[in-house]
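Residue strings, one per chain:
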Amino acid sequence: MAGPPNNIDSAELYERITQMPRPYKMVPFPRNDSDGNLVGHVPIWILKEHEILAAQASATKYTREQLKDAPQSGDDFGYQLVWNNAVASEMISRAVRRAKWNEEKQEW
C-alpha cells in the first residue's frame, strides 16, 4: 500500500481528505461489453469511520451466519478468511457510487 504523498504536509492532506463533497476517484468498471469495450467508469470515495465500522459489523454478522454449523477452534483461519473477504465486499459496496454521464463536459 502506498504511503501519503511527500509533496503535501499532513494538515493539508487531512483537509483535502475531509473536504465536502468527499474526494473520489473515477475507476474503470471491471466489465466489458460484447465488443470488448469498457462499460464505463464508477466513482469510488473515501469512507467515513462509521461506514467502515458498519462494513465490519455486517461482515461479522455474515461470517457468523455462514459458519454457524462449522466446528469452532482457537485460531480459526477459515473464519478470518471469510471475514476478510466479507469486509472487503462490504467496504467496496459502500465506497462505489453511481456515475452519471455529463453530456456537457463529455465525462463521467
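Residues numbered from 1 in each chain as written. Predicted model: local features only at pLDDT ≥ 70, side-chain atom pairs only at ≥ 80, totals over all residues. Heavy atoms only, no water.

Draft legend 1. Structural view of the side chain of glutamate 51. Its place among the elements puts glutamate 51 in helix H2 (residues 49-66). Contact partners of glutamate 51, with chain neighbours within four places excluded, come to Arg22, Ile46, Arg94 and Arg97. (Helix = DSSP H or I, 4+ residues; strand = E, 2+ residues; numbered from the N terminus. Contact = heavy atoms within 4.5 Å.)

Draft legend 2. Seen up close, the environment of tyrosine 62. Mapped onto the fold, tyrosine 62 is located in helix H2. In this structure, the C-alpha to C-alpha distance between tyrosine 62 and tryptophan 83, residues 21 residues apart in sequence, is 8.0 Å. Every residue in contact with tyrosine 62, bar those within four places of it in the chain, is listed here: Val82 and Ala86.

Draft legend 3. Layout of the packing of H2 against helix H3 (residues 77-95). Two elements in contact, H2 and H3, have axes whose closest approach is 8 Å; the angle formed by their N-to-C orientations is 135 degrees. Classified by the angle their axes make, H2 and H3 are oblique. Note that H2 runs across H3; the crossing there is right-handed. On H3, the residues touching Glu51, Ile52, Ala54, Ala55, Gln56, Ser58, Ala59, Thr60, Tyr62, Thr63 and Arg64 of H2 are Tyr79, Val82, Trp83, Ala86, Val87, Glu90, Met91 and Arg94. (Axes fitted to C-alpha atoms, helices over the stretch in contact; angles between N-to-C directions. Parallel < 35°, antiparallel > 145°, perpendicular 65-115°, else oblique. Left-handed = near helix turned anticlockwise from the far one by under 90°.)

Draft legend 4. Summary view of the confidence of the model for the protein chain. Of all residues in the protein chain, 94% have pLDDT values of 70 or greater, and the mean over the chain is 86. Confidence, expressed as mean pLDDT per element, reaches its minimum in the protein chain at helix H1 (residues 10-17) with 85 and its maximum at H2 with 95. (pLDDT = per-residue confidence, 0-100.)

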